[in-house]
Amino acid sequence: MKVVTPVKDSTHQSVSTVRAAPRQSVGRKSSIRRMVFRGQRTATIPAPYSSTTRRMFFQGVKAGISICTALVSSDELIVLDEPITNLDAKLREEMILEIQMIQQNIGTTIIYITHDQEAALQLCDRIAIMQPDGQICQIGSDEEIIRRPANRFVYSFIGVSNFLPVTEKGGKVCLALGGEPVLFDAPPQGYVSGKKNVMGVRPMDIVFDAESPIRATIRRDTFLGNQYDYQVELMGRELRVERNALDVLADPTRYEAGQEVGLKFLNVKFYEEGAKA
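Residues numbered from 1 in each chain as written. Predicted model: local features only at pLDDT ≥ 70, side-chain atom pairs only at ≥ 80, totals over all residues. Heavy atoms only, no water.

1. As for the side chain of Asn162
Item 1. Along the chain, the position of Asn162 falls in strand β7 (residues 162-169).
Item 2. In this structure Asn162 comes out as buried when scored by relative accessible area, which is 5%.
Item 3. Here Arg240 takes part through its backbone nitrogen, which lies 2.9 Å from a polar atom of the side chain of Asn162.
Item 4. Those residues in contact with Asn162, other than ones at most four positions away along the chain, are Met199, Gly200, Val201, Arg202, Pro203, Ile206, Glu238, Leu239 and Arg240. (Helix = DSSP H or I, 4+ residues; strand = E, 2+ residues; numbered from the N terminus. Buried < 20%, exposed > 50% of the residue type's maximum accessible area, 1.4 Å probe, protein only. Polar contact = N/O pair within 3.5 Å; in protein donor to acceptor, adjacent residues only side chain to side chain. Contact = heavy atoms within 4.5 Å.)

Laid out in structure tokens, this is it:
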């Protein structure tokens, strides 16, 4: 079992990953030796490498030594606190895979503390999310946390989110902005009838739709390699929209800054206004 616990308060945010499996002392020793030997090999860097590359390699070696030191400290529980924070993106990815391999081989419980939610999600089997007061508000797999968040705090804490005020009129759910255009002809699942609601939607769940009555203006478009990121203004509110790069290539319509677009909202979540975020 492996558990990731994000903790958010006014001074510190952390994510702890706990992994448990039967102990394997032989696997532990061979894994530690392998990582130490790898660190020794990495430490010998040919002269043609630049000073930046040499520094990056030595940072990886230092992180590897720290992890090795932790691995020999206990047979039952290991705590790794931000072991790869100062590494560049490529080295961080390599070290995450290395930690996964080592844990599988040695079978010891590991508590992994990090600010990097992506790394935590990559390492975890189960996640426990704590509110600022220390109360656990949800425990589940990474997919459960993202797809079925227990409350607004969980929804806003994990990943990027947009929130918009909505209202119910004549049995229809309308955007509580401007002329209050209709979003849904009937209250969707999760809508809190009789209460003031806010609608949460992820950037990847906002679709550009020419037929939609919800009109917005693109203020910024940025290509990030595997996706396009848009900053969109909707009736004075700023929204984040993300589109997969392959979807963009398959779409003949070009969306650029300054362009008016229609918006369609998918996979939305509703929360009572004033709920903790």
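2. Observations concerning helix α3 (residues 89-106)
Item 1. If you check α3, its first and last C-alpha atoms are 26 Å apart, about what 18 residues at 1.5 Å a residue would give, namely 26 Å.
Item 2. Two residues or fewer after α3 comes Gly107, characterised by a positive phi angle close to 70°. (Expected span 1.5 Å × (residues − 1).)

3. As for the packing of aromatic side chains
Item 1. Going through the model one piece at a time under the given rule, you end up with 9 aromatic pairs.
Item 2. Where Tyr155 meets Tyr271, the ring centres are 5.8 Å apart and the plane angle is 55°; that geometry is what we call tilted. Of this pair, Tyr155 sits in helix α6 (residues 152-157) while Tyr271 sits in strand β16 (residues 269-272), and the two are 116 residues apart along the sequence. Grouping residues by exposure puts Tyr155 and Tyr271 together as buried.
Item 3. Plain terms: the ring middles of Phe208 and Tyr255 are 4.6 Å apart, the flat faces sit at 45° to each other, and that makes the pair tilted. Of this pair, Phe208 sits in strand β11 (residues 206-208) while Tyr255 sits in the loop between α7 (245-250) and β15 (260-265), and the two are 47 residues apart along the sequence. The exposure classification of Phe208 matches that of Tyr255, with both residues buried. (Phe/Tyr/Trp six-rings, centres within 6.5 Å; stacked < 30°, edge-to-face > 60°.)

4. Brief notes about the sheet that holds β11
Note: strands within a sheet are paired through backbone hydrogen bonds, in either parallel or antiparallel orientation.
Item 1. Pairing within the open sheet is antiparallel, and its 5 strands lie in the order β11-β15-β12-β13-β14. At either margin of the open sheet sits one strand with a lone partner, and together these are β11 and β14 (237-244). When the angles between neighbouring strand axes are averaged without regard to direction, this sheet yields 45°.
Item 2. Alignment of strand β12 (residues 215-223) against β15, held across 3 bridges, turns out to be antiparallel. Its bridge partner being in β15, Ala216 is matched across the sheet by Val261. (Pairing = 2+ DSSP bridges. Axes fitted to C-alpha atoms, helices over the stretch in contact; angles between N-to-C directions.)

5. What about the pattern of salt bridges?
Item 1. Using the criterion set out here, one finds 9 salt bridges in the structure.
Item 2. We note a salt bridge from Asp229 to Arg240, for which the minimum N-O separation is 2.8 Å. Separated by 11 residues along the polypeptide, Asp229 in strand β13 (residues 227-234) and Arg240 in strand β14 bring together distant segments of the chain.
Item 3. Taking the relative accessible area as the measure of exposure, Asp229 reaches 4% and is therefore buried.
Item 4. Since its relative accessible area comes to 29%, Arg240 is described here as partly exposed.
Item 5. Taken together, the salt bridges that share partners define one network made up of Arg220, Asp229, Arg240 and Glu242. (Salt bridge = Lys/Arg side-chain N within 4 Å of Asp/Glu carboxyl O.)

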